[in-house]
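Structure assessment
As a plain string of letters, each chain reads:
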Protein chains: 4
Amino acid sequence: MLSCPDRVGVVAAVTGLLAQYNGWIIDANQHADSLTNTFFMRVEIKKDSLQENYEKFAQQFSQLALQFTMQWSLTDSSQKQTVIILVSKQGHCLSDLLYRYASNELNFNLHCVISNHTDNRELVDAYHIPYHYLPINENNKQEVFQQIENIFLTAQVDIVVLARFMQIFPQELCQRFAGKIINIHHGFLPSFVGANSYGQAFNRGVKLVGATCHYVTEDLDEGPIIEQDVVRINHKNSVEDLKRMGQDIEKIVLAHGLRYILENRVIIHNNKTIILD
Amino acid sequence: MLSCPDRVGVVAAVTGLLAQYNGWIIDANQHADSLTNTFFMRVEIKKDSLQENYEKFAQQFSQLALQFTMQWSLTDSSQKQTVIILVSKQGHCLSDLLYRYASNELNFNLHCVISNHTDNRELVDAYHIPYHYLPINENNKQEVFQQIENIFLTAQVDIVVLARFMQIFPQELCQRFAGKIINIHHGFLPSFVGANSYGQAFNRGVKLVGATCHYVTEDLDEGPIIEQDVVRINHKNSVEDLKRMGQDIEKIVLAHGLRYILENRVIIHNNKTIILD
Amino acid sequence: MLSCPDRVGVVAAVTGLLAQYNGWIIDANQHADSLTNTFFMRVEIKKDSLQENYEKFAQQFSQLALQFTMQWSLTDSSQKQTVIILVSKQGHCLSDLLYRYASNELNFNLHCVISNHTDNRELVDAYHIPYHYLPINENNKQEVFQQIENIFLTAQVDIVVLARFMQIFPQELCQRFAGKIINIHHGFLPSFVGANSYGQAFNRGVKLVGATCHYVTEDLDEGPIIEQDVVRINHKNSVEDLKRMGQDIEKIVLAHGLRYILENRVIIHNNKTIILD
Amino acid sequence: MLSCPDRVGVVAAVTGLLAQYNGWIIDANQHADSLTNTFFMRVEIKKDSLQENYEKFAQQFSQLALQFTMQWSLTDSSQKQTVIILVSKQGHCLSDLLYRYASNELNFNLHCVISNHTDNRELVDAYHIPYHYLPINENNKQEVFQQIENIFLTAQVDIVVLARFMQIFPQELCQRFAGKIINIHHGFLPSFVGANSYGQAFNRGVKLVGATCHYVTEDLDEGPIIEQDVVRINHKNSVEDLKRMGQDIEKIVLAHGLRYILENRVIIHNNKTIILD
């Protein structure tokens, strides 16, 4: 995956080098952002087509990258990424991700689940995943988030998933793990930020409620949006109904957002995401 | 259609009276709002089943209504409602409504089309509908809206449809025709109010854009929402694409909203709508 | 819930009797099928508003029912219905239902899970639900389905959910439990019946794949449809992708279908369903 | 746009040649079909970046194409494609396409409208488009379709749009204009083929009805599917409702399908379409 200033010859240079090393392209996708004159590209290569020349190819590619002022990354999709899930009481997203994980629908290494409640412990145990119960109160916040950070560092976590974790992440943690933390928001952003989004939606009388998967930044619910969806509601539905109906799409939106990241399809650019599918 | 404080016996009283007059119920729908303890009901009756007793039934119903403190209306669906459409340059909603009108998909009496531009005149002419061209500038606003009001009054308009009319209606006009003016907003309210909603959606990087049909009140884009829908977009789409893709749902959302009103299904309650389908 | 030949006065009679007993209507919904001249009605009543007169009301209602030739049922929603889930290897629907069950999102008594495989045993154990492992092969089919029927009878099962159970139910079992067995089909019926529906969808090149929740009858995949939904696919998606993407909607469609039944909203009429929402 | 047997170096060769001619890639998309080992590619180039070398580039590209056994086409998007629309009585799709055409939302040269009825003549006249009224009966079918073919040939038509044209095209015409005729079918193919698809959907009790835009082949409703969509219905909806609700998506599905073709995004492969977006 790469991004660079747009100019003639980028694709030719990249694919030319690949062809030279006999690299078999499985999938390729590119996008040119004309407003910022930036070019983005994702190429998926059969690793064994490069054979023993993988190292050499990577080295030569880094020279090419310099020449075109690229930001780039070369990842080995056989190496699973390490994920940590945080959850509070509501476990619908957690339960959904656990099954997708266990059935290999989503392909990652689940290091542990962290929660400030015990509600979902038994479920997590059934999947043989470590469960860290770290209760949070007014006084111990700083300390607990230090513990959480330590867990992240020890695990060398690639992706932190806030699967309905109802505590606000400290700014420094957001910054230190920028681009690595994703959240599922129970509302169609930018409408209805904050904790009571279904109540707000109910009061405004909207006819659809939504869910948003986004990167976590220092600004609450303002990070780059990865995926969204909505569900139709009507005047009969109470706030409780909205919450229940919204949960169906929260699960799916979060799972889709996580999938895009696991497949190395997401580039953050100007507080927006480019999903090279 | 009626609303009243909720209590035991409302449905029995209404349907009992109907049965007494031999009234054949085609469709009935009710809703109890537990928060405000209000009951809403819509009953559709075969008029000829009441035969010559229609007047007498209406009279006795008004007594029942007093007893239950009802707000109510009895409308004859064979009487077409009178509609006036206002439009500026973009005619996609107008064109869509005109065909639905002419093919009797939507059943109303189209009194005229009013526009501050001439772009859609020829199309309107083809449907043999009067076209009032009333150009608006800084200086003549008050005067033109006076003319518009006069047209409304002369027509005894039932429903005013702002089908992408890009001028803000004066407060007094909104108040005088409260509950009679609907608008199609090119955005998923409450996100992205105002004229440049697609630009705002583009900048925020949302993954769906929407359209909202709502009643017009003094507060711009804050009136009761009648219908909404969304369409999926991605990073490749420019603001122009969003505008184009949004137009597809603007047309449908407006047509659906208008249909609900024409079928006497919409009740406004606490700045929200109840659609008794 | 009732159905009867349509005539003047049904609603008045029912709601009149209710009012006489001081019955508070929470929700009511009706439908008149003009093709077969049949009337359907669902009334939800606050039980405590009938107080000690519940028995007497029920008795008098049964007389009313005779008079109007009604088919009817009076159910107490505080009495949970008994459900048995059958599953083969794929546990995505099972896992989803288990969490909805345990979190009280769906309100029922889960008697047990029956499977011809052991794949999902550990997950079911975590929810403390009995798991009957009954392997099926060419020779023991009849015997195993006899065991299954015995479990149904012992449990006095109200609803049997085939949550991706890949064995065809014997005709007699379908007949004996007619209107009590629902299935989730991994395809948009009536397209693509049978086991390999995603392969068929792939080969035909459709742009949406779907899932269908339906009642099980003797005719495979031909029973009354309760709920359906679809998801968009494209030329990049393999059969495996279709299967994965379809599973997201299978889960939701099955959960919605089950919810309608648990809330006593579904009437079967002429191999179709009426969902009185 | 090109397709060829998949092998290492196709992208490199194509983009290398482009870079050599200083060709600026606006958009590029590829797909590898692993089942048939075929590679598909669409590259959109700023024409003026090739400057006066356009002819020379095209020539050299044809040599490259030979080398890689490509099927390919090089089209100039500033050259509008010529379209002919056929319609019977129902004009909702026609009306929709006419407005999209006139407002330049869809970019094509509309040669004429052909109809076996006069219903939509006045509307077409308003857009100043020739209207050929060719009534069809049992006896003159062959003759009329000969006239239609003559119009196609005279116009050098690129795309024929059957916008609810209720006559079956003769086999020879389908073959002679293979890959050039598209139809909007009022049903979710492969369910419900033929004229009465809404009646079939009503009888089967489906919960969604759909529309399908597809290429016309000799086999009725069996051609490659370009675009599909669905809309939710319920037990209250009559066949007439289904027809009306389906028309909303027919319009959009046809317009989207036509857009893909006008933008040269569609490749037919094995009775399926690849839409390189």
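Residues numbered from 1 in each chain as written. Chains lettered and ligands numbered in written order. Predicted model: local features only at pLDDT ≥ 70, side-chain atom pairs only at ≥ 80, totals over all residues. Heavy atoms only, no water.

1. Some thoughts on the overall build of chain A
What counts here: Only DSSP runs of H or I covering at least 4 residues are called helices, and only runs of E covering at least 2 are called strands; the numbering of each starts at the N terminus. Per-residue accessibility, obtained with a 1.4 Å probe over protein chains only, is compared with the maximum for each type, and a residue is labelled buried under 20%, exposed over 50%, and partly exposed between these values. Contact definition: two residues touch when any of their heavy atoms are within 4.5 Å. Accessible surface area values rest on a Shrake-Rupley calculation with a 1.4 Å probe, where residue burial reflects the displayed protein chains alone. This count recognises Lys and Arg as positive and Asp and Glu as negative, with His and chain-terminal groups excluded. Charge placement uses NZ in Lys and CZ in Arg. For Asp and Glu, CG and CD serve respectively.
The helix and strand inventory of chain A stands at nine helices and 13 strands. C-alpha atoms of chain A, sized along the principal axes, occupy 60 × 40 × 35 Å. Burial analysis of chain A (277 residues in total) assigns 58% to the buried set. Long-range pairs, those at least 24 residues apart, make up 65% of the contacts in chain A with a sequence separation of at least 6. Of the roughly 11,600 Å² that chain A leaves accessible, carbon and sulfur atoms contribute 46%. Distance between charge centres in chain A, computed from 23 positive and 30 negative side chains, equals 4 Å.

2. Quick look at the side chain of Thr273(D)
Test applied: Definition of a polar contact: a pair of N or O atoms within 3.5 Å, with one able to donate and the other able to accept a hydrogen when the atoms are protein atoms, and with sequence-neighbouring residues admitted only if both atoms are side-chain atoms.
With respect to the helices, strands and loops of the structure, Thr273(D) is situated in strand 13 (residues 272-275). In this structure Thr273(D) comes out as buried when scored by relative accessible area, which is 3%. There is a polar contact of 2.7 Å between the side chain of Thr273(D) and the backbone oxygen of Ile225(D). Excluding residues within four positions of it along the chain, Thr273(D) makes contact with Lys207(C), His235(C), Tyr215(D), Pro224(D), Ile225(D), Ile226(D), Val266(D) and Ile267(D).

3. Section: the pairing of strand 12 (residues 266-269) of chain B
All names here are of chain B. This is how the line gets drawn: Paired strands, in this sense, are two strands between which DSSP finds at least two bridges.
Inspection of the sheet shows strand 12 paired to strand 13 (residues 272-275) by four bridges, in the antiparallel sense. Directly across from Ile-267, in strand 13, lies its bridge partner Ile-274. Counted between consecutive antiparallel strands, the loop separating strand 12 from strand 13 contains two residues, among which Asn-270 sits at a positive phi close to 55°.

4. A short note on the packing of helix 4 (residues 92-102) of chain D against helix 9 (residues 239-262) of chain D
All names here are of chain D. The condition that has to hold: Axis definition: a line fit to C-alpha positions, over the contact stretch in the case of helices; interaxial angles, taken between N-to-C directions, run 0 to 180 degrees. We call two directions roughly parallel when the angle between them is under 35 degrees, roughly antiparallel when it is over 145, roughly perpendicular when it lies between 65 and 115, and oblique otherwise. By convention the crossing between two helices is left-handed if the near helix lies anticlockwise of the far one by an angle smaller than a right angle, and right-handed if it lies clockwise. Residue type decides the class: Asp, Glu, Lys and Arg count as charged, Ala, Val, Leu, Ile, Met, Phe, Trp, Tyr, Cys and Pro as nonpolar, and the leftover types, Gly among them, as polar.
Across the interface, helix 4 lies against helix 9 with an axial gap of 9 Å and an inter-helix angle of 45°. Overall, the two elements helix 4 and helix 9 adopt an arrangement that is oblique. Along this stretch, helix 4 crosses helix 9, giving a crossing that reads as right-handed. When helix 4 is examined against helix 9, the residues His-92, Cys-93, Asp-96, Leu-97 and Arg-100 are found in contact with a partner set consisting of Gln-247, Glu-250, Lys-251, Ile-252, Leu-254, Ala-255 and Leu-258. The residue inventory of the contact of helix 4 with helix 9, partitioned by class, reads six nonpolar, two polar and four charged.

5. Focus on the sheet that holds strand 9 (residues 181-185) of chain C
Residue and element names in this part refer to chain C. Sheet architecture is open: seven strands sit in the order 7-6-5-8-9-10-11, paired in mixed fashion. A single partner strand is all that each edge strand has here, and the edge strands are strand 7 (131-133) and strand 11 (225-232). Along the sheet, successive strands turn relative to each other by an average axial angle of 15°, direction set aside. The sheet contact formed by strand 9 and strand 10 (residues 208-215) spans four bridges and is antiparallel. Each residue of the ladder has a partner; that of Ile-184, found in strand 10, is Cys-213.

6. What about the pattern of salt bridges?
The following threshold applies: Salt bridges are identified by distance alone: a Lys or Arg side-chain nitrogen within 4 Å of an Asp or Glu carboxyl oxygen.
This model, assessed by the stated rule, comprises 72 salt bridges over all chains. Two residues, Asp96(B) and Arg100(B), come together in a salt bridge whose shortest N-O distance is 2.7 Å. Of this pair, Asp96(B) and Arg100(B) both sit in helix 4 (residues 92-102), four residues apart, roughly one helical turn. Exposure class is identical for Asp96(B) and Arg100(B). Each is buried. Across the pair Glu105(B) and Arg259(B) runs a salt bridge, and its minimum N-O distance is 3.5 Å. With Glu105(B) in the loop between helix 4 and strand 6 (109-115) and Arg259(B) in helix 9 (residues 239-262), this pair connects stretches of sequence that are 154 residues apart. One connected set of salt bridges, linked through shared partners, spans Asp27(A), Arg42(A), Glu44(A), Asp96(A), Arg100(A), Glu105(A), Arg259(A), Glu263(A), Arg265(A), Asp248(C) and Lys251(C).

7. What about the relation of the copies chain C and chain D?
The cut-off we apply is this: When the copies are superposed, the least-squares fit draws on C-alpha atoms of residues that have pLDDT of at least 70 in both.
Under the fitted operation, chain C is carried onto chain D by 0.0 Å of movement along the axis and a turn of 180°, and the coordinates agree to an RMSD of 0.0 Å. Put plainly, the chains are arranged around a two-fold axis. Considering only C-alpha atoms, the part of chain C nearest the rotation axis is Ser191(C), at 2.6 Å. With an isologous cut-off of 70% or more, the 100% of interface residues of chain C that recur at the interface of chain D puts this contact in the isologous class.

8. Here's the deal with the state of the cysteines
Residues and elements named next belong to chain C. Inclusion rule: The term disulfide is used for any two cysteine sulfur atoms that are within 2.5 Å.
Going through the model one piece at a time under the given rule, you end up with zero disulfides over all chains. The structure places no disulfide on Cys-112, whose sulfur is separated from the nearest cysteine sulfur, that of Cys-93, by 18 Å. Looking at Cys-112, the relative accessible area reads 0%, which means it is buried. Lacking any disulfide linkage, Cys-213 is separated from the closest cysteine sulfur, that of Cys-93, by 9.4 Å. For Cys-213, a relative accessible area of 0% puts it in the buried group.

9. Considerations on helix 8 (residues 197-204) of chain C
For helix 8 of chain C, the tally of buried residues reaches six of eight residues, placing the bulk of the element in the interior. Among the structural elements, strand 9, strand 10 and helix 9 (239-262) of chain C together with strand 11 (225-232) and strand 13 of chain D are those in contact with the buried residues of helix 8 of chain C. Taken from the residues just after helix 8 of chain C, Gly205(C) is the one with a positive phi, measuring 75°.

10. A few points about the interface of chain B and chain A
The accessible area lost on association of the parts is a frequent measure of interface size. Applied cut-off: Two parts placed together each lose some accessible area under a 1.4 Å probe, and adding up what both lose gives the buried area.
Across the boundary between the two partners, chain B contributes 32 residues, which contact 32 residues of chain A. Surface buried jointly by chain B and chain A totals about 2,900 Å² across both partners, of which 53% is contributed by carbon and sulfur atoms. A per-residue breakdown of the area chain B buries against chain A is headed by Arg204(B), Lys207(B) and His235(B), which together make up 25% of the total. There are four salt bridges connecting chain B and chain A. Here chain B and chain A share 19 residue pairs in polar contact (both at pLDDT 80 or more) between them. Elements that contribute at least two residues to the side of chain B that touches chain A include exactly helix 8 (197-204), strand 11 (225-232) and strand 13 of chain B. It is strand 11 of chain B that provides the largest number of residues to the side of chain B that touches chain A, a total of seven residues. Residue composition of the side of chain B that touches chain A, grouped by class: 14 nonpolar, nine polar and nine charged.

11. Quick look at the interface of chain C and chain D
In this complex, chain C contributes 32 residues to the contact, which on the side of chain D involves 32 residues. Across the chain C to chain D interface the summed buried area is about 2,900 Å²; carbon plus sulfur atoms make up 54%. Taken as a group, Arg204(C), Lys207(C) and His235(C) account for 25% of the area that chain C buries against chain D, more than any other trio of residues on that side. A salt bridge links Glu227(D) to Arg232(C), with the shortest nitrogen-to-oxygen separation between them at 3.1 Å. Between chain C and chain D we count 19 residue pairs in polar contact (both at pLDDT 80 or more) in total.

12. Focus on the relation of the copies chain B and chain A
Rotating chain B by 180° about the axis while translating it 0.0 Å along that axis superimposes it on chain A, leaving an RMSD of 0.0 Å. Taken as a fraction of all interface residues of chain B, those also at the interface in chain A reach 100%, which identifies the copy contact as same-surface.

13. Remarks on the confidence of the model for chain A
Our working rule: Scored from 0 to 100, pLDDT reflects the predictor's confidence in each residue.
Summing up the model confidence of chain A, the mean pLDDT is 95 and the portion of residues at 70 or higher is 100%. What the predictor reports for the complex is a pTM of 0.96 with an ipTM of 0.94.

14. Structural notes on the sheet that holds strand 9 (residues 181-185) of chain D
All names here are of chain D. If you trace the seven strands from one edge of the open sheet to the other, you get 7-6-5-8-9-10-11, paired in mixed fashion. Looking at the sheet topology across the chains shown, the edges are occupied by strand 7 (131-133) and strand 11. Strand-to-strand twist across the sheet, computed as the mean angle between neighbouring axes with direction ignored, equals 15°.

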